[in-house]
Amino acid sequence: MGIIHGKDIKILNSGGTALIAAAKSCTIHRHADSEEVASASDQDHKHYIAGRKGWSIDLQYFVSTDGVSLEEGTMYNIQVAIGSGVTWEGQALCTDCDITGTMGNLSQGSIKLLGSGPLAPPTT
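Please read these numbers as outputs of a predicted model, since none were measured by experiment.

Reading the values: the criteria
- Residues numbered from 1 in each chain as written.
- Predicted model: local features only at pLDDT ≥ 70, side-chain atom pairs only at ≥ 80, totals over all residues.
- Heavy atoms only, no water.
- Helix = DSSP H or I, 4+ residues; strand = E, 2+ residues; numbered from the N terminus.
- Contact = heavy atoms within 4.5 Å.
- Salt bridge = Lys/Arg side-chain N within 4 Å of Asp/Glu carboxyl O.
- Buried < 20%, exposed > 50% of the residue type's maximum accessible area, 1.4 Å probe, protein only.
- Core = buried A, V, L, I, M, F, W, Y, C linked by side-chain atoms within 4.5 Å.
- Disulfide = S-S within 2.5 Å.

Draft legend 1. Main features of the environment of Lys-24. Of note, Lys-24 is situated in strand β2 (residues 23-37). Measuring from C-alpha to C-alpha, the distance between Lys-24 and Tyr-61 comes to 4.9 Å, with 37 residues separating the pair along the chain. Excluding its chain neighbours within four sequence positions, the residues that come into contact with Lys-24 are Gln-60, Tyr-61, Phe-62 and Gln-108.

Spelled out as structure tokens, the structure:
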């Protein structure tokens, strides 16, 4: 098993080009809801089963003169690639776009993508 470096994770549009050209970091969140259930043999403790699954992606990038290529309130077809291979595909809603400019530093931006449906390997 090899080590995956942050620079090797890329978030691409459905055409295979980077959504953010100067991404400096990317966090992929995958989660499942939990649903409380009753237990016939144990009423004193809570018991859970797995519920619905979801995912989101946070991108941080350096702002360039080209501007931000994503717009909040827009749905995107994306690919998550590690190295040169596509790992997952899915649809995501851009929910937040932030730009921070601090005197003496490079301007930075962040974008949040909320998954709609599965984030899964491509179907052939």
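Once you've had a look at it, read on.
Draft legend 2. Examining the pattern of salt bridges more closely. Taken as a whole and assessed by the stated rule, the structure comprises one salt bridge. Notably, a salt bridge pairs Asp-58 with Lys-112, separated by 3.6 Å at the nearest N-O pair. With Asp-58 in strand β3 (residues 47-62) and Lys-112 in strand β6 (residues 108-120), this pair connects stretches of sequence that are 54 residues apart. Take Lys-112: its relative accessible area is 37%, and that puts it in the partly exposed class.

Draft legend 3. Expanded view of the nonpolar core. Membership of the largest hydrophobic core comes to 15 residues, with the highest contact counts inside it found for Ile-11, Ile-57, Leu-70, Ile-78 and Leu-113. Those elements that provide at least two residues to this core are β3, β4 (75-82), β5 (85-100) and β6. No other element matches the four residues that β3 contributes to this core.

Draft legend 4. Quick look at the state of the cysteines. Inspection of every chain in the model, using the stated rule, returns zero disulfides. Free cysteine: Cys-94, not disulfide-bonded; nearest cysteine sulfur from Cys-97 at 3.5 Å. Residue class for Cys-94 comes out buried when judged on its relative accessible area of 1%. On the basis of relative accessibility, which here comes to 26%, the residue Cys-97 falls in the partly exposed class.

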